[in-house]
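Now for the letters of each chain:
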Amino acid sequence: PKETLDFELKQNTIGNLKTFHHPCFTNHILYADLIFDLPPIKESDLPYLQLFVSLLPELGVADRDYRANLKYIHAYLGEFNASLRLYPQVGNPNLLQPAFGLKAKALSRNADKLFSLFNDTCLACRFDEVSRIKELILQVHTLEQNKLNKNALSYAVGLSLSSFSQSAFIGEKFSGLSFFSFLKNLVENLDERIEEVIEKLKALQKTLFHCDSPHLILSCDDAQYKSLADQKFYGLTSLPSKQVNPWKAYKITPSIKQQGYEISSPVAFSAFGFKTTHLPSSEAPALSLATHLLENTYLHKKIREQGGAYGSGANYNPITGLFYFYSYRDPHITSSYQAFNESIESLSKGNFSDQD
């Protein structure tokens, strides 16, 4: 169609629950997200928060241990996981509306099982399974170790941008080199620190599942939504609620200095990041277009063809206003950094054609 389709989003309030329903055909599959505003979290607890999200779907709930709960999930659900989202606001990249949530999907006939799992996870997650928690932490650490070289570029990018915005700063704590180092230090003394870790996880559970006007986002047809609403989402509307304080921004450290880390690789993964303008600035579209020009008129030739790297490029996020150059599996560091700077100079002089 020439005209963009309008997908209606219906909003409603039932008990302390705000529902957002997109009526659509899903072939009798229910898609559900239960979202909580993220309350203030200490900066030192951010790695524990990421760990909490990683462990949560793999633990038991209520009277089911982790084995029974995994069997329950495999029997009745097609997906179940937890997530963290920062949601930087358009026009102010340092204004976040971060959220923690549960996500699941199931056949319509198993909707009661899905919402029962949401309830049990909110109220009675099994952080008493000490051996299971230790096993999962070791698994996460091993996975991160095995992916060190694969994640090297994202670590470099995260570090290069981490002093420029709230979302970049927090994102680096969640999934960057900071989290890798946190896991490494934790595993070195896991037996001595496991009780401390479990207390942190229990405290986060109480903080995150505050049930203060949580949002339930549903994709299903109207008939199924009406049936779920009549059932009051199988107890989800009556979860005990407590008022929480709004999210608070962190004091960001000064600009990151140039730095390097040695890894077991004969090639480098490099990033050069800086802060630019963001939407709604009229320069944002030009900056977005510039990434393609920089890659195809200068960087590829200098870094890939002449330098022998597997690849390089430029990236710009118009929401956050952050811009960075990168190269990966690169046998050079200094010459690639020089190429980043030279590409800006070349572009500013208009060294590109109308065809480009």
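Criteria and cut-off values
Residues numbered from 1 in each chain as written. Predicted model: local features only at pLDDT ≥ 70, side-chain atom pairs only at ≥ 80, totals over all residues. Heavy atoms only, no water. Helix = DSSP H or I, 4+ residues; strand = E, 2+ residues; numbered from the N terminus. Buried < 20%, exposed > 50% of the residue type's maximum accessible area, 1.4 Å probe, protein only. Contact = heavy atoms within 4.5 Å. Lys, Arg positive; Asp, Glu negative; His and termini not counted. Charge placed at Lys NZ, Arg CZ, Asp CG, Glu CD. Pairing = 2+ DSSP bridges. Core = buried A, V, L, I, M, F, W, Y, C linked by side-chain atoms within 4.5 Å. Polar contact = N/O pair within 3.5 Å; in protein donor to acceptor, adjacent residues only side chain to side chain. Axes fitted to C-alpha atoms, helices over the stretch in contact; angles between N-to-C directions. Phe/Tyr/Trp six-rings, centres within 6.5 Å; stacked < 30°, edge-to-face > 60°. Lys NZ or Arg CZ within 6 Å of the ring centre and 35° of its normal. Parallel < 35°, antiparallel > 145°, perpendicular 65-115°, else oblique. Left-handed = near helix turned anticlockwise from the far one by under 90°.

### A closer look at the overall build of the chain
And then number 1: Scanning the chain from N- to C-terminus turns up 11 helices and 11 strands.
And then number 2: Projecting the C-alpha coordinates of the chain onto the three principal axes gives extents of approximately 65 × 60 × 35 Å.
And then number 3: Relative to its 356 residues, the chain shows a buried fraction of 46%.
And then number 4: Across the chain, every contact between residues at least 6 apart in sequence was considered, and the portion connecting residues at least 24 apart equals 77%.
And then number 5: Looking at charge distribution, the chain has the averaged site of its 35 positive side-chain charges lying 2 Å from that of its 37 negative ones.

### Observations regarding the pairing of strand 7 (residues 99-107)
And then number 1: In the sheet, strand 3 (residues 29-37) pairs with strand 7 via nine bridges, with the strands oriented antiparallel. Within strand 7, the residue paired with alanine 32 across the bridge is alanine 104.
And then number 2: In the sheet, strand 4 (residues 79-85) pairs with strand 7 via seven bridges, with the strands oriented antiparallel. Opposite phenylalanine 80, over in strand 7, you have alanine 104 as the bridge partner.

### With respect to the nonpolar core
And then number 1: Grouped together as the largest cluster of nonpolar side chains are 70 residues, with contacts concentrated most on Phe100, Phe115, Phe118, Ile137, Leu218 and Phe233.
And then number 2: Each residue touching phenylalanine 118, except ones within four places of it in the same chain, is listed here: Ala32, Leu34, Phe80, Leu102, Lys103, Ala104 and Leu236.

### Describing helix 6 (residues 166-175)
And then number 1: Counting buried positions over the 10 residues of helix 6 gives eight, a clear majority of the element.
And then number 2: Where helix 6 is buried, its residues touch helix 1 (46-55), strand 4, strand 6 (92-96), helix 5 (148-161), helix 7 (177-188) and strand 11 (322-330).

### Quick notes on unusual backbone geometry
And then number 1: Of note, the amide linkage connecting leucine 279 to proline 280 takes the cis form, showing an omega dihedral of 10°.
And then number 2: For proline 280, the position within the fold is in the loop between strand 9 (268-275) and helix 10 (284-306).
And then number 3: One non-glycine residue, alanine 62, adopts positive backbone phi at about 50°.
And then number 4: Its place among the elements puts alanine 62 in the loop between helix 1 and helix 2 (66-76).

### With respect to the side chain of threonine 26
And then number 1: On the secondary structure map, threonine 26 appears in the loop between strand 2 (17-23) and strand 3.
And then number 2: Among the polar contacts made by the side chain of threonine 26, one reaches the main-chain carbonyl oxygen of isoleucine 29 at a distance of 2.5 Å.
And then number 3: Contacts of threonine 26, omitting those with residues within four sequence positions, involve Tyr31, Ser219 and Cys220.

### Some details on the sheet that holds strand 9
And then number 1: Ordered by their spatial adjacency, three strands build an open sheet running 9-11-10, and the pairing between neighbours is antiparallel. The two strands at the open ends of the sheet, each matched to only one other strand, are strand 9 and strand 10 (311-317). For this sheet, the mean inter-axis angle between neighbouring strands, taken without regard to orientation, is 15°.
And then number 2: With seven bridges connecting them, strand 10 and strand 11 associate as antiparallel partners. Among the inter-strand pairings, alanine 314 is bridged to a residue of strand 11, identified as phenylalanine 325.
And then number 3: Helix 5 rests against strand 9 and strand 11 of the sheet, and its axis sits at about 25° to strand 9.

### What to know about the sheet that holds strand 3
Each strand in a sheet pairs with another by means of backbone hydrogen bonds, the pair being arranged parallel or else antiparallel.
And then number 1: Read across the open sheet, the six strands follow the order 1-2-8-3-7-4; overall the sheet is mixed. Edge positions in the open sheet fall to strand 1 (10-14) and strand 4, since each of these has one partner strand only. Between one strand and the next, the sheet's axes are offset by a mean angle of 20°, whatever the strand orientation.
And then number 2: Two strands pair when backbone bridges link them, and strand 3 and strand 8 (residues 215-220) are joined in this way by five bridges, in the antiparallel orientation. Bridge pairing in strand 8 links tyrosine 31 to serine 219.
And then number 3: The strands touched by helix 3 (residues 111-123) are strand 3, strand 4, strand 7 and strand 8; relative to strand 7, the strand with the most contacts, the crossing angle is about 155°.

### Some points on the packing of aromatic side chains
And then number 1: Applying the stated rule across the entire model yields 26 aromatic pairs.
And then number 2: When the centroid spacing of 5.5 Å and the interplanar angle of 90° are considered together, the rings of phenylalanine 36 and phenylalanine 209 count as edge-to-face. One end of the pair, phenylalanine 36, is in strand 3; the other, phenylalanine 209, is in the loop between helix 8 (190-208) and strand 8, and 173 residues separate them in sequence.
And then number 3: A residue is classified by how much of its surface remains accessible, and phenylalanine 36, at 0% relative accessible area, is buried.
And then number 4: Measuring from ring centre to ring centre gives 6.4 Å for tyrosine 326 and tyrosine 328, while their planes differ by 15°; the resulting arrangement is stacked.
And then number 5: Among the residues examined, tyrosine 326 registers a relative accessible area of 18% and is labelled buried.
And then number 6: A network of ring pairs unites the aromatic residues Phe272, Phe274, Tyr316, Phe323, Phe325, Tyr337 and Phe340 as a single cluster.
And then number 7: Just above the ring of tyrosine 76 sits the side chain of lysine 113; from NZ or CZ to the centre is 4.8 Å.
And then number 8: A cation over a ring is seen here: arginine 329 above tyrosine 310, with NZ or CZ 5.7 Å from the ring centre.

### Description of the packing of helix 2 against helix 3
And then number 1: Running from N to C, helix 2 and helix 3 point in directions that differ by 150°, and their axes come no closer than 10 Å. With respect to helix 3, the element helix 2 is oriented roughly antiparallel. When you trace helix 2 past helix 3, the crossing you get is left-handed. The residues of helix 3 that touch helix 2, namely those facing Asn69, Tyr72, Ile73 and Tyr76, are Lys113, Ser116 and Leu117.

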